[in-house]
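Structure at a glance
Below, each chain spelled out in residue letters.
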Amino acid sequence: MSQRMDQHHQQHPNLSLISSVNHPNNPKNCWAKKSKNKSKKNKGLSTDDAANQRAARHFNRSVRNCVERSDPDGMAEILHDKRNHNFALDANVLETVMKAYVMAAMFDDALYCLRNCTLPGTLSTAQTERILGCLPQNLRNSSAYTAADMINALCIATEFDKPTSRTYFLRIVRSIALEFLEEATSARDRICSAPCERLVRSAQCVVDARLKRGKKATEIIVQPGHQLGVFVPDTLENRGIQAGDAVSILPYAGPYPMSAESLDRNMIEATVTNAQPQLILRLQDKTNSNLYAMLTEPVEGNVYRIDKLANRMGFNRQLAAAVAIASPFEITPGGTSRRDSRRPSPELIKAITAMDENIDRVMMMGGSYNNNGQGNNNDLGQLTSTAALCAQAVPWNASDDDSDEDHDEDTIRAASKLALEKYGALDGLNGSQRLAVEHASTNRLTLVQGPPGTGKTAVAIRILKHWARLANSEAIKGENPNPILATSDSNIAVDNLVEGCAN
């Protein structure tokens with residue numbers, strides 16, 4: 001990844017010379033306008049830095065104006081002008097351009113903009129999240145493979161504090177985006193090929209529906225028509241359209257498959273906010289009052305079909321999780337770092353991104369490493385794995401973890417074993433149970449599994465009691481000990497833990 005960034009700098013060395021900022025709108029003298037009096041050979045930067053700064057501001061302003069005017073042809077002319085490749089779009093303008101391109105499924109144009117008019121590290125992870133949140137449900141004539149190339153370039157244009165974070169983010173986001181686009185393509189094919197009766201019977205479509213305003217300004221209530229005489233039972237097995245699903249609103253002209261041309265021209269995306277007892281929608285474009293008025297106009301023939309689309313909520317949640325893990329720490333004005341509340345602990349992030357760290361290290365080694373995990377460069381250290389990180393011995397005493405003194409694993413395990421013997425944590429346990437408690441008291445993560453009746457709950461209770469004794473021994477007099485969190489996927493299991501710890 002770092003090699004691609006270096007190549008980008010080599011191809012466009014002048015980009016870093018220009019500071020691109022937004023100025024008030026001035027439609028005159030836009031840099032992108034072709035001048036017949038200028039020589040075509042004058043495509044480089046001026047020797048006057050002030051003139052270069054003005055040209056960069058004109059470039060950013062003219063691009064923003066094209067987006068605000070919804071002028072894709074004018075924007076393409078500006079971005080493809082070779083003279084403008086000496087300048088870079090600033091973060092806010094680039095976000096606006098990319099959101100417009102992505103929403104319109106113009107991935108080729110977005111890729112060209114990222115490769116020729118963008119500096120590496122321009123965007124924040126929050127801006128990239130907002131851009132990818134605009135991925136469309138209808139690809140039209142675009143390709144998911146082009147979208148993957150665009151995501152590669154978008155990750156280069158995003159700032160990360162570590163190469164490992166960039167590698168992880170690229171791997172996860174490209175995967176979930178391709179999965180989302182594949183599901184969106186399948187939904188489009190279903191709408192354009194399946195008869196309405198079949199879709200209604202599977203509860204994936206509502207036909208002959210009239211729309212009216214809801215209690216809130218952004219709500220639309222769906223009033224279904226006769227539904228082609230199909231009875232759809234309301235059962236748990238019939239998932240159909242549920243709250244949180246993304247749906248399309250299309251004109252209804254009869255119980256026939258929708259033509260691809262009509263779908264591309266008329267599809268409006270919305271989100272289901274409530275499925276029972278009434279189907280209530282919220283448009284993705286929540287600010288378009290004219291669109292709301294058109295959809296809810298009470299005139300003859302103003303009827304629609306509502307079709308289930310790809311799972312945008314699931315995609316957005318996975319995207320938010322990837323951003324939380326890969327985002328750099330935010331620096332406050334005072335110079336201190338502030339952690340995102342969604343961000344997991346550093347240990348968990350290291351375990352999650354271990355594979356990506358290995359990928360980066362192997363790439364830096366030239367793709368070779370020996371059986372001991374050592375590459376050609378001894379400074380790179382050993383390759384890591386999630387299993388190795390989870391099996392790492394950590395001190396049972398919190399103060400040991402904070403000290404500068406180094407503890408090898410043998411020392412940590414010896415101290416942990418002494419603590420187990422001191423508090424009698426292993427008394428009355430069989431061999432496998434003792435082994436589970438010993439590992440849990442030392443390793444960063446321990447998984448205990450076994451068939452029913454083998455004492456898994458008893459082991460969990462013994463571990464919790466041991467940790468509680470350690471916490472009490474470390475607590476400062478007059479203060480509460482450090483808390484211990486025990487969770488489960490069922491209330492009964494939690495009750496059993498509480499009961500066992502109380503006895």
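Residues numbered from 1 in each chain as written. Predicted model: local features only at pLDDT ≥ 70, side-chain atom pairs only at ≥ 80, totals over all residues. Heavy atoms only, no water.

1. Some words on the pattern of salt bridges
Rules: The salt bridge criterion pairs a side-chain nitrogen of Lys or Arg with a carboxyl oxygen of Asp or Glu, the two atoms within 4 Å. Each residue is placed in one exposure class: buried if its accessible area under a 1.4 Å probe, protein chains only, is under 20% of its type's maximum, exposed if it is over 50%, and partly exposed if it falls in between. Comment: elements are numbered from the N terminus, with helices defined as DSSP H or I runs of at least four residues and strands as E runs of at least two.
Under the defined criterion, the tally for this structure stands at 10 salt bridges. The residue Arg 69 makes a salt bridge to Asp 71 at a minimum N-O spacing of 3.6 Å. Of the residues examined, Arg 69 reaches a relative accessible area of 53% and is grouped as exposed. Here Arg 201 ties to Glu 197 by a salt bridge, and the two come within 3.1 Å at their closest N and O atoms. Of the two residues, Arg 201 and Glu 197 are both situated in helix 9 (residues 196-201); the distance of 4 residues between them amounts to about one turn of the helix.

2. Looking at the pairing of strand 1 (residues 205-213)
Put simply, the rule is: Strands are treated as partners if at least two bridges between them are detected by DSSP.
Pairing of strand 1 with strand 6 (residues 304-308), which is carried by 3 bridges, proceeds in the antiparallel orientation. In the sheet register, Ala 209 faces strand 6, and the bridge partner there is Tyr 304. Pairing analysis gives 4 bridges linking strand 1 to strand 2 (residues 219-223), with the strands arranged antiparallel. Counterpart to Lys 212 in the pairing with strand 2 is Ile 221.

3. Regarding the packing of aromatic side chains
Stated precisely, the cut-off is as follows: For Phe, Tyr and Trp, where Trp contributes only its six-membered ring, two rings pair if their centres lie within 6.5 Å, and the inter-plane angle classes them as stacked under 30 degrees, edge-to-face over 60, or tilted in between.
If you walk through the whole model with that rule in mind, you get 3 aromatic pairs. Between Phe 160 and Phe 169 the ring centres are 5.3 Å apart and the planes differ by 50°, which places this aromatic pair in the tilted class. In terms of burial, Phe 160 and Phe 169 fall into one category: buried.

4. A short note on unusual backbone geometry
In this model, Gln 276 is joined to Pro 277 through a cis peptide bond whose omega is -5°. Tracing the backbone through its elements, the reader meets Pro 277 in the loop between strand 4 (268-274) and strand 5 (279-283). The phi dihedral of Ala 105 falls on the positive side, at around 60°, and the residue is not glycine. Counting through the fold element by element, Ala 105 comes out in the loop between helix 4 (91-103) and helix 5 (107-116). Phi is positive for Ala 203, which is not a glycine, with a value near 60°. Of note, Ala 203 is situated in the loop between helix 9 and strand 1.

5. Details of the environment of His 439
Turning to its location among the elements, His 439 is positioned in helix 18 (residues 431-442). Classification of His 439 as partly exposed rests on a relative accessible area of 34%. Along the sequence, His 439 and Ala 393 sit 46 residues apart, while their C-alpha atoms lie 8.9 Å from each other.

6. Some remarks on the sheet that holds strand 4
Sheets are built from strands that pair by backbone hydrogen bonding, the pairs being arranged parallel or antiparallel. Quick note on the threshold: Here, axes are lines fitted to C-alpha atoms. For helices the fit covers the stretch in contact, and angles between N-to-C directions go from 0 to 180 degrees. In what follows, a contact means two residues having at least one pair of non-hydrogen atoms within 4.5 Å.
Strand order in the closed barrel formed by 6 strands is 1-2-5-4-3-6, and the pairing between neighbours is antiparallel. In this sheet, adjacent strand axes meet at a mean angle of 45° when their direction is disregarded. Two strands pair when backbone bridges link them, and strand 3 (residues 246-251) and strand 4 are joined in this way by 4 bridges, in the antiparallel orientation. Counted as the bridge partner of Ser 248 is Glu 269 from strand 4. Set on the sheet, helix 8 (residues 163-193) makes contact with strand 3 and strand 6; between it and strand 6 the angle comes to about 140°.

7. Some details on the packing of helix 2 (residues 49-68) against helix 3 (residues 72-79)
Each packed pair of helices is defined by two parameters, the angle between the axes and the distance between the axes. Heads up, the condition is: When describing relative orientation, an angle under 35 degrees is termed roughly parallel and one over 145 degrees roughly antiparallel, while 65 to 115 degrees is termed roughly perpendicular and anything else oblique. Helix crossings fall into two classes, left-handed where the near helix is turned counterclockwise from the far one by less than a right angle and right-handed where it is turned clockwise. Amino acids are sorted into nonpolar (Ala, Val, Leu, Ile, Met, Phe, Trp, Tyr, Cys and Pro), charged (Asp, Glu, Lys and Arg) and polar (every other residue, Gly among them).
Closest axis-to-axis distance for the helix 2/helix 3 pair is 8 Å, and the angle between their directions is 160°. Here helix 3 runs roughly antiparallel to helix 2, going by the angle between their axes. The interaxial crossing formed by helix 2 with helix 3 has left-handed handedness. Counted together, Phe 59, Ser 62, Val 63, Cys 66 and Val 67 of helix 2 and Gly 74, Met 75, Ile 78 and Leu 79 of helix 3 form the full contact between these two elements. Per-class residue counts for the contact of helix 2 with helix 3 are 7 nonpolar, 2 polar and no charged.

8. Describing the side chain of Arg 61
Condition: Charge counting treats Lys and Arg as positive and Asp and Glu as negative, with His and both chain ends excluded.
Here Arg 61 is to be found in helix 2. No salt bridge is formed by the buried Arg 61. Its closest oppositely charged neighbour is Glu 68, at 9.7 Å.

9. Concerning the nonpolar core
Operational definition: Within this scheme, the nonpolar core is defined by two criteria: the residues are buried Ala, Val, Leu, Ile, Met, Phe, Trp, Tyr or Cys, and they are joined through side-chain atoms within 4.5 Å.
Counting 55 residues, the largest nonpolar core has Val 63, Leu 79 and Leu 89 as the members making the most contacts within it. For this core, the elements supplying multiple residues, two or more each, are helix 2, helix 3, helix 4, helix 5, helix 6 (125-132), helix 7 (144-156), helix 8 and helix 12 (312-326). With 9 residues, the top contributor of residues to this core is helix 8. Look past the residues within four positions of Val 63 in its chain and what remains in contact with it is Met 75, Ile 78, Leu 79, Leu 89, Val 93 and Val 97. Ile 268, Ala 275, Leu 281 and Leu 291 belong to the second largest nonpolar core, which has 20 residues in total.

10. Quick notes on the confidence of the model for the protein chain
For clarity, the threshold we go by: Per-residue confidence from the prediction method is given by pLDDT, with values spanning 0 to 100.
The predicted model of the protein chain averages 80 in pLDDT, with 79% of residues at 70 or higher. By mean pLDDT, the top-scoring element of the protein chain is helix 6 (95), and the lowest-scoring one is helix 1 (residues 2-11) (42). The model gives residues 398-405 a pLDDT under 50, and that stretch makes 4 contacts with residues more than four places away or in other chains.

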